[in-house]
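Remarks on the overall topology
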Amino acid sequence: MFLPDDEIVNAVLSFDADKVTEATKKALKEGQDPVKVVDQLTNALRVVGKKFEEGELFLMHLVAAAEPVQKVIKEILEPEMLKNKTSRTSLGKVVLGTVAGDIHDIGKNIVGAMLFAAGFEVCDTGKDVPAEQFVSKAKEVNANVVGASALLSTTLPIQREIVEKIVATGQRDKVKLIFGGAPATDEWVKEIGGDGYGENAIEAVNVTKKLLKIQS
Amino acid sequence: MVQRGPKSGHLRFLTNDHARDIHVSSLEVLESVGMHCPSAKILEIFDRAGAAVDFKERRVRIPQHLVEESLKKAPKEIVFCGRNAKNDILLEDSRVYFGMGGTPVPYIRDVENGEMRRPTKEDMNQATRLGDALPNIKFIMTVAGAFDVPYEAEYLHEFESLFNNTEKPILYSCPGAYAAKKVLEMAATVVGGMEELKRKPILALYTETVSPLSFSDVNENMIEFAKAGIPVTNGPMPMCGASGPMTLAGTAVVSNAENLAAITLCQLVNPHTPVVYTGWACAIDPRTSRCAYGAPEFGMGTSIFNTTMGRYYDLPTYGFGGCSDSKLPDAQAGAEVMMNGMLAALGGVNLIHDCGYLAGGSIGSMEMVVICNEIAGMILRIVKGVKVDEETLAVDVIKNVGPGGHFMSQKHTLEHLKELYLPVIFDKDSEEGWIKGGKKDVRDVARLRVKEILREHSAEALPRDIQEKLRQIVKEAEKELVKTGSGSGQMSLHHLPPTRPKT
């Protein structure tokens, strides 16, 4: 992936939240288009993702890169874009959450960050989320994808419940359903009638793109 | 007669000053940021005791004095009982015991074909019988799980299996207050009433706070066990760099703080409730984010802090040994198990659990339990150490045999044969013997041993009326749990085909 040697990318790759904020503010001050700045930030995240995939960087790097990027986008760049009435091109809307009875959300958060970096709009419903809430949120935001994470073997069945409720509310042809978490497997997702399983955050992005027929 | 495991504590990485540093740091954490707590019941207990409770924020900040007073109240020793008294074990100081498995596992390695599949209640029965038979396994958890029953009642079915199939002490989970009450009722049924159960605790609770620094509703089970005066073991599992600081010492502070909070809760509910100290700093594999059970830092983080703090507080301890990240009972598994088992034993952990856990606790293996039983035997031999006195120096025997003689027929030799640990499944044969024996790998030998034990050994059956009462309790509780649970009983994992996680 070609990347210009610019301050924003370097700031993200330094894993220093203050530097990311500084570089973002500086770019805006110099008159850069906030949409472009978002692109640079997410490009940098994709580089981190690639390095993670290759085993050069670790999970901590993914999180340490993603959190400050999400923060500056939410707190600095989104208000700017709103002012300019511009927005980033979206590849689609993903509703994400950790299922009811489960409070393990680190994995889900990383998936959210990498989906966002790939260009998706992510609607994070949080943790301990009942199946009904995934379903109603998907309807409310007109989601293309619903993703649910479960870490415990005892909360895994809620993923099945989500599929059943999506079917029952007549949304099955509108949304793709992706599932993950330690006890989930490809076979399990097929068994419950889901569409995709990702073993890690990078694979989750690949699977989502494939399901929505988006070129990587 | 109570078994008194060998005293250990040969290995001391940390000093009492280190222990004090960790203790004081944990007190600071508990007093300043405290514990998140969604359970109103738990918050009320702390509130009544004078802790700083914010009901809106769901936070309890625990003052030092409450913690210190609670530590003083906790008993220094516990006789952890089996339903057969010959299996009772004394937990105190650095006495070492190995136990089978841990909490239920999502997969079991099928003993017939080595494939991974979902475990069933029958696997749970078999695993329990296996642990009951193995001599170096002194307490029972599991390497299976009942995944073919409604998941809301999974733990009750597992307890039914445990009570029926072992006469050894049982350490196990039952999440939440309701399940805890039901399990206590089952245990009381087995021993003949709640008062008798208190005198003869044939089970101890295993539960977990959620790292970092959170109680969950599930932890209301501690209240029920404390009320009944039955031992409580809270095992926080903060992982370095994820749910705890990257440094082992920092993660130990988080873990210790959670433990102190849990111990304080138990003592506030019922002073002198037996508690088992369980301070762990767990390692993470940064590439996969899985808890790295076979990592050297895991061995150190779970045993060294555990025994250092356990001795500092003078409380019984519970730690790890016998677990591996390998997916097979192979060379990696053997190396990792020997490493973490040895660290735990030399440190003097009372209850060393997880024998037979593969894939960081995702796969249970009965062959691995048998291999762990052997490794535990070797470790226990090392823990016993070398005795040096007139008798063992054997100067007269040496003089008597003299240069060029042999010691084979000496009375002293026969009297001291027990100096040697005799392996049961590990191969010491000649090459010839090994070839004649079918060139067996230890995995094959372990598998045959599992099958042999399952053919031959059963725990003494509980009286029929008690078996029936246990079944009734589970049946009624299942109805209640499925009705009020978060999903329907039909969603049990038994719908799953035997699956294999992606490799």
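All values reported here derive from a predicted model rather than from experimental measurement. (Residues numbered from 1 in each chain as written. Chains lettered and ligands numbered in written order. Predicted model: local features only at pLDDT ≥ 70, side-chain atom pairs only at ≥ 80, totals over all residues.)

1. A short note on the overall build of chain B
How we decide: For helices the rule is a DSSP run of H or I covering at least 4 residues; for strands it is a run of E covering at least 2, with both sets numbered from the N terminus onward. It is over C-alpha atoms that the radius of gyration is taken, and the globule rule equals 2.2 Å times the number of residues to the power 0.38. Around each residue's C-beta, the other C-beta atoms within 10 Å are counted; 20 or more make the residue buried, 12 or fewer make it exposed, and counts in between make it partly exposed. All C-beta atoms are placed from the backbone.
What chain B contains, in helices and strands, is 18 helices and 17 strands. Relative to the 2.2 N^0.38 estimate, which gives 23 Å for 503 residues, the radius of gyration of chain B is 23 Å and therefore close to what a compact globule would have. With the principal axes as the frame, chain B shows a C-alpha extent of 85 × 55 × 50 Å. For chain B, the residues scored as buried account for 55% of the 503 residues in total.

2. Some thoughts on the domain arrangement of chain B
Residue and element names in this part refer to chain B. Under the convention used in this document: Domain start and stop positions are those given by an automatic or database domain assignment. Here contacts are defined at the residue level, using C-beta atoms placed from the backbone and a cut-off of 7 Å between them. In this classification, Asp, Glu, Lys and Arg are treated as charged, Ala, Val, Leu, Ile, Met, Phe, Trp, Tyr, Cys and Pro as nonpolar, and every other residue, Gly included, as polar.
Here chain B is described as being made up of domain 1 (26-69), domain 2 (70-384), domain 3 (389-420) and domain 4 (429-456). With ten residues of domain 2 at the interface, the matching set in domain 4 holds nine residues. Secondary-structure elements contributing two or more residues to the side of domain 2 that touches domain 4 are α4 (121-133) and α12 (366-384). Of the residues contributing to the side of domain 2 that touches domain 4, the split by class is seven nonpolar, one polar and two charged.

3. Thoughts on the packing of α12(B) against helix α17 (residues 442-456) of chain B
Residues and elements named next belong to chain B. Where we set the bar: Note on geometry: axes are lines fitted to C-alpha atoms, helical ones only across the stretch in contact, with angles between N-to-C directions running from 0 to 180 degrees. Comment on the angle field: the value is read as roughly parallel under 35 degrees, roughly antiparallel over 145, roughly perpendicular from 65 to 115, and oblique elsewhere.
At their nearest, the axes of α12 and α17 sit 8 Å apart, and the two run at 100° to each other. As summarised for this structure, α12 and α17 are arranged roughly perpendicular, according to the angle between their axes. Contact residues: Met 366, Glu 367, Val 370 and Ile 371 in α12; Val 442, Arg 443, Ala 446, Arg 447, Arg 449 and Val 450 in α17. In terms of residue class, the contact of α12 with α17 is built from six nonpolar, no polar and four charged.

4. Examining unusual backbone geometry
Between B:Ser211 and the following residue, B:Pro212, the backbone shows a cis peptide bond with an omega angle of -5°. The residue A:Asp128 is not glycine, and still its phi comes out positive at about 55°. Counting through the fold element by element, A:Asp128 comes out in the loop between β2 (121-124) and α6 (131-141). A count of 19 C-beta atoms within 10 Å places A:Asp128 in the partly exposed class. Unusually for a residue other than glycine, B:His272 sits at a positive phi of about 75°. Residue position: B:His272 is located in the loop between α9 (248-269) and β13 (275-276). Taking the C-beta count within 10 Å as the criterion, B:His272 has 12 such neighbours and is therefore assigned exposed.

5. Notes on the pairing of β2(A)
Under the convention used in this document: A crossover gets the label right-handed when its path from the first strand over the helix to the second runs clockwise, viewed with the strands pointing away from the viewer.
Burial along β2(A) is one-sided: A:Val122 and A:Asp124 are buried, while A:Glu121 and A:Cys123, pointing the other way, are not. This β-α-β element, strand β1 (residues 93-98) of chain A to helix α5 (residues 106-118) of chain A to β2(A), shows right-handed connectivity.

6. Topic: the domain arrangement of chain A
All names here are of chain A. Partitioning chain A into structural domains gives domain 1 (7-84) and domain 2 (93-211). Contact with domain 1, which involves ten residues of that partner, is made by eight residues of domain 2. Elements that contribute at least two residues to the side of domain 1 that touches domain 2 include exactly α3 (34-53) and α4 (59-84). Tallying contributions element by element places α3 first for the side of domain 1 that touches domain 2, with six residues. Taken together, the residues of the side of domain 1 that touches domain 2 break down into five nonpolar, three polar and two charged.

7. So, the sheet that holds β2(A)
Residues and elements named next belong to chain A. Rules: At least two DSSP bridges between two strands are needed for those strands to be called paired.
Pairing is parallel in the open sheet, where five strands are placed in the order β2-β1-β3-β4-β5. Every other strand in the sheet has two partners, leaving β2 and β5 (196-197) as the edge strands with one partner each. With four bridges connecting them, β1 and β2 associate as parallel partners. Following the sheet pairing, Val 95 is matched in β2 by Cys 123.

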